[in-house]
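Results of the structural survey
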Amino acid sequence: MFIYSIHRLLLIIPTLIGVTLLTFVVSNILPMDPARLQVGPRASEETLQRVREELGLNDSLPIQYGRYLYRLCKGDLGTSIFTGRDITSDLGIYFPATVELALFAFVIAVLFGVGLGTLAAIKSGQLLDHLSRITALLGVAVPVFWLGIMLQIVFFSNLRVLPASGRIGQLIAAPKHVTGLYVLDTVVTGNWLALKSSLLHLVLPSITLSFGTLALISRAVRASVLEVLEMEYVNTARAKGLAERIVIARHVLRNALLPIMTMSGLQLALLMGGAILTETVFTWPGVGRYIVQGCFHADFPAIMGSVVVIGAVILLINFAVDLSYMIFDPRIKYD
Amino acid sequence: MRLTRLVSIMTFVLLVSLVVPALAGETVITVGDPRDFDNLDPHYTQNAHNWSAIYAMYDGLVRYGEDETKVDPWAAKSWEVTEDGLKWTFHLRDDVYYDDGTQLDASVVKFSFERLKGVGRGPAEQYKEIEEVKVVDPLTVEFILKYAFAPFLVTMASDFPLIVPPTVMEHEENGDWGTKWLATHELGSGPFRLASWERGQRIVLEARENHWSGGPKVDKVILREIKEAATLKMELLAGTVDIVTSGLTSTDLLELMERDDVEIAEGSSYSIRYLVFQDQNDPSSVFNDARVRRAVAYAIDYDAMIEGLQQGLVTHFQGLIPMGMFGRVPVLDDLYHRDVTLAKLLLEEAGYPDGFETTLKCWQPYGFPDIAAIVQSNLAEVGIKVKVETYAFSTMLTMLEERKGGFAIMSIVPDYPDPDDYAWVSGHSTALYNISNYNNPVFDAIVDKARQSVDTERRTELYQQAQWIHYEMCPEVFLYQRRTYHPYRPWVKGYYTNAVREQMPPFETTWVEK
């Protein structure tokens, strides 16, 4: 187990190098000149060349890439070409926003997805099953931006019970930066007014973001639970006189959830990758928006920094999912 | 049981928070705009949206105000220029201070211009005419120019030369003049100071109550980034946003104009949309012939563009120098209009009786593909078959700046409000921003003279001559001039917008009456 974990962790390094190489190559084959975009259209050739030199863009691509890797090893993601800001510090702000939103959306998707899927399986062919199928269909078919705007119209414009955009109320100061997750930071610093505000601001974007994942999970859970319900050990449990609630919770769900875990892990990884549309509709300052902004201004270091961080997190999530199999299914052993 | 207890605690916490008073008694203006703030250093950034915060936080020698045809005294209470236009002397106020007690005096101004040049990014490119900045006495500073430059004074009122004090050097890293630090901090003496910046969300400005002007009329200005047009509109109508400075669709604006509970600050804009022919100097290009370029100008259905696509929110415009500036030839506005017969005749004369095929390039954002679709349809009627290619913004911009754009749609926003920024900067053969590659020695000589004259009447005559030449040669086809619309709620008072303050809303004169 220990050796397996070390082996898997070490494999993350070449994968990440591959990610950086791919991003670097793609960024550099695009017909964009970051130096020109930085100095503006009225800059002289002399200024342009000086800035190119300062940014190291006159060096050959292998040298530029080598220099990037060297800095990366020191934990330095570089400086944004367009904004002149430190990328590590930028991502320290944008990435936690994405993590917070993704985690809330994930919890909603899992809780409601598993619940809905299980109920649909138990009530297979009945009204609840059909409703669950329609929900799943909507979850996949409804565009995120449409759902987001509809929720804003209902809960912000009409009912005035939830905020429409941002991470915190406009008259409330953001909590002191500890982790960058507002909910956690407000609890740590005891800032209850900000906690309430940040929780309220999370409701609509996390529901919007969770809807697609919820739909997928609910369908997968339904199929898996239906399969397990046919198993002999479920009949045995029932024959022993166990209450149906206990049969479902202890014997059905526990066995049915294993195949769901891989899918859920991947979904969490996707959510962490930045939910650009949700972030745009709700003006959520996440990493997806940061990348879009980077693409808009040909800000290669900002794009590469973001991709490396997201890549690392996705690899770690996959690793965690693999390890968690052992907890849920003791038969699985990694040697 | 444990879960129940946790839920109870959380509920209690939320209830307690409900009775904690919000920030009370402060007057706050909240502004919504979809654009991102990315850098707050006036000497580094060229992103016009950053200026809305920067202009409020820093003082300059002079400043743009409500009258877009002149500049107002600011940190400089008066100024004079020698007859040859080579020496400008500014007399500074004696009551302009930074938060640390440093006085904004002539030596600070001199340092600030050294820094602007030292940082050496886009903003510095505009002040190449400055030979030397001299401290005459603590409250008098002289600018010696290499050559007479008529728009010098108006360029001094823009965002770029705002005055940064020498204390910025305490944050210098690797000879960067403190740019990395100042990108996210503030060291100004202006009407507002930076209270906080939650990146990707908002900038909060708080009044610098001891500002020499008496300080702003509100305690705080919150500049919120709201990405989606529908959300912006909802927030404005809900009253959680007081002013919207951009990002609404034409349909939204028209709808808001009909409402009694929303006011619209409307003003001119010097921003223009036009078609460029970057290969017009290439003898193998069809656009090498002025008759073909003129045929394109006569083929465009300006009404469809203005009344249809832009729903009447923009203005018909021809003639190189935008409406609102001196030196225009108003009659030019009527000369290029839709005339399919004339367009076909010109094409026939040029040797293209059956038209030709070409490619029109544009970037994806700002509705440019819609403009391209109308141009494509209009040109098809005179036999020019257009293939439209759309690109990512930065790709297209690089292509245009490297003069590889060919036939393309372009937009110009001035760096300073003077005809020189259009006639010389966009039309002189040596100008870096001559995106159209226009090359005409006669035109060059006229606009050279005009930028060096300090006599406005003489300049007017020269620009009028230049515009007639421009009309004949048709190196660009102007589609329309934009206007500025900033919807705001009625409790906001003293707010206005115009061509020079479009990107820099006048927060220092705005207040709230609720």
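Residues numbered from 1 in each chain as written. Chains lettered and ligands numbered in written order. Predicted model: local features only at pLDDT ≥ 70, side-chain atom pairs only at ≥ 80, totals over all residues. Heavy atoms only, no water.

Let's shift gears to the overall build of chain A. Along the backbone of chain A there are 15 helices and zero strands. Principal-axis analysis of the C-alpha atoms gives chain A an extent of 85 × 55 × 40 Å. Roughly 15,600 Å² of accessible area belongs to chain A as shown, and the carbon and sulfur atoms make up 71% of that amount. Here chain A contributes 25 positive and 21 negative side-chain charges, whose respective centroids are spaced 9 Å apart. (Helix = DSSP H or I, 4+ residues; strand = E, 2+ residues; numbered from the N terminus. Areas by Shrake-Rupley, 256 points an atom, 1.4 Å probe, with all protein chains shown as cover. Lys, Arg positive; Asp, Glu negative; His and termini not counted. Charge placed at Lys NZ, Arg CZ, Asp CG, Glu CD.)

What follows is about the side chain of Glu68 of chain B. Residue and element names in this part refer to chain B. Checked against the element boundaries, Glu68 lands in the loop between β2 (62-64) and β3 (71-73). Among buried charged residues, Glu68 stands out as having no salt bridge; its nearest opposite-charge side chain is Arg483, 7.7 Å away. Among the polar contacts made by the side chain of Glu68, one reaches the side chain of Ser268 at a distance of 3.0 Å. With sequence-adjacent residues up to four places away left out, Glu68 is seen in contact with Ser268, Tyr270, Asn498, Ala499 and Val500. (Buried < 20%, exposed > 50% of the residue type's maximum accessible area, 1.4 Å probe, protein only. Salt bridge = Lys/Arg side-chain N within 4 Å of Asp/Glu carboxyl O. Polar contact = N/O pair within 3.5 Å; in protein donor to acceptor, adjacent residues only side chain to side chain. Contact = heavy atoms within 4.5 Å.)

This brings us to helix α12 (residues 258-272) of chain A. Residue and element names in this part refer to chain A. Compared with an ideal rise of 1.5 Å per residue, which puts 15 residues at 21 Å, α12 spans 22 Å between its outermost C-alpha atoms and is within 8% of the ideal. If you check which residues of α12 are buried, you get Leu258, Ile260, Met261, Ser264, Gly265, Gln267, Leu268, Ala269, Leu271 and Met272. Summarising the contacts, the buried residues of α12 are in contact with α5 (87-122), α9 (192-229), α11 (244-256), α14 (287-296) and α15 (300-328). (Expected span 1.5 Å × (residues − 1).)

On to unusual backbone geometry, then. All names here are of chain B. In this structure, Arg403 is a non-glycine residue whose phi angle is positive, near 60°. Structurally, Arg403 can be placed in the loop between α13 (393-401) and β15 (407-412). We classify Arg403 as partly exposed; its relative accessible area is 24%. For Cys474, which is not a glycine, the phi torsion comes out positive at approximately 50°. Tracing the sequence through the fold places Cys474 in the loop between α16 (456-473) and β16 (476-488). Residue Cys474 is classed as buried on the basis of its relative accessible area, which comes to 1%.

This brings us to the packing of α9 of chain A against α12 of chain A. All names here are of chain A. Taken N-terminus to C-terminus, the directions of α9 and α12 make an angle of 170°; their axes are 10 Å apart at the nearest point. Classified by the angle their axes make, α9 and α12 are roughly antiparallel. Contacts from Leu209, Thr213, Leu216, Ile217, Ala220, Val221 and Ser224 of α9 reach α12 at Pro259, Ile260, Met263, Ser264, Gln267 and Leu271. (Axes fitted to C-alpha atoms, helices over the stretch in contact; angles between N-to-C directions. Parallel < 35°, antiparallel > 145°, perpendicular 65-115°, else oblique.)

Here the focus is the domain arrangement of chain B. Interface size is commonly expressed as the accessible surface area that is lost when the partners come together. All names here are of chain B. Partitioning chain B into domains gives domain 1 (22-58 + 190-263 + 502-512), domain 2 (62-166) and domain 3 (272-482). For domain 1 and domain 2, the distance between their C-alpha centres works out to 26 Å. Summed over both sides, the interface between domain 1 and domain 2 buries roughly 1,900 Å², with carbon and sulfur atoms accounting for 57% of that surface. The three residues of domain 1 that bury the most area against domain 2 are His43, Tyr55 and Trp212, which together make up 47% of that side's buried surface. For the interface between domain 1 and domain 2, the tally reads four salt bridges. Residue Arg208 pairs with Asp99 through a salt bridge whose shortest N-O separation is 3.1 Å. On the surface where domain 1 and domain 2 come into contact, there are 11 residue pairs in polar contact (both at pLDDT 80 or more). A per-class count over the side of domain 1 that touches domain 2 returns 10 nonpolar, four polar and four charged. (Domains from an automatic or database assignment. Buried area = accessible area lost by both parts, 1.4 Å probe. Nonpolar A, V, L, I, M, F, W, Y, C, P; charged D, E, K, R; others polar.)

Let us look at the side chain of Thr89 of chain B. Mapped onto the fold, Thr89 of chain B is located in strand β5 (residues 87-92). If we skip the residues at most four places from it in the chain, Thr89 of chain B touches Ser78, Trp79, Glu80, Thr140, Val141 and Glu142 of chain B.

Here we come to the confidence of the model for chain B. Residue and element names in this part refer to chain B. On average, residues of chain B score 92 in pLDDT, and 95% of them are at 70 or above. Every residue in residues 11-23 is under pLDDT 50, and counting partners more than four places away or in other chains gives 12 contacts. In the model output, the complex is listed with pTM 0.88 alongside ipTM 0.84. (pLDDT = per-residue confidence, 0-100.)

On to the environment of Arg50 of chain A. Among the structural elements, Arg50 of chain A can be located in helix α3 (residues 45-55). Note on Arg50 of chain A: relative accessible area 33%, which makes it partly exposed. On a C-alpha basis, the gap between Arg50 of chain A and Gly115 of chain A in space is 61 Å, while along the polypeptide they are 65 residues apart. Ignoring sequence-local partners within four residues, the contact set of Arg50 of chain A consists of Val119, Gly120 and Arg121 of chain B. Within the local environment of Arg50 of chain A, its side chain forms a polar contact with the backbone oxygen of Gly120 of chain B, the two atoms lying 2.6 Å apart.

Residues and elements named next belong to chain B. Of all 15 residues in strand β12 (residues 263-277), 12 are buried, a share of seventy percent or more. Summarising the sheet, β12 and β16 pair through 11 bridges and their orientation is antiparallel. The residue of β16 that forms the bridge with Leu275 is Val477. Judged from the six bridges that link them, β12 and β15 form a sheet pairing that is antiparallel. Within the sheet, the bridge partner assigned to Phe277 lies in β15 and is Phe407. (Pairing = 2+ DSSP bridges.)

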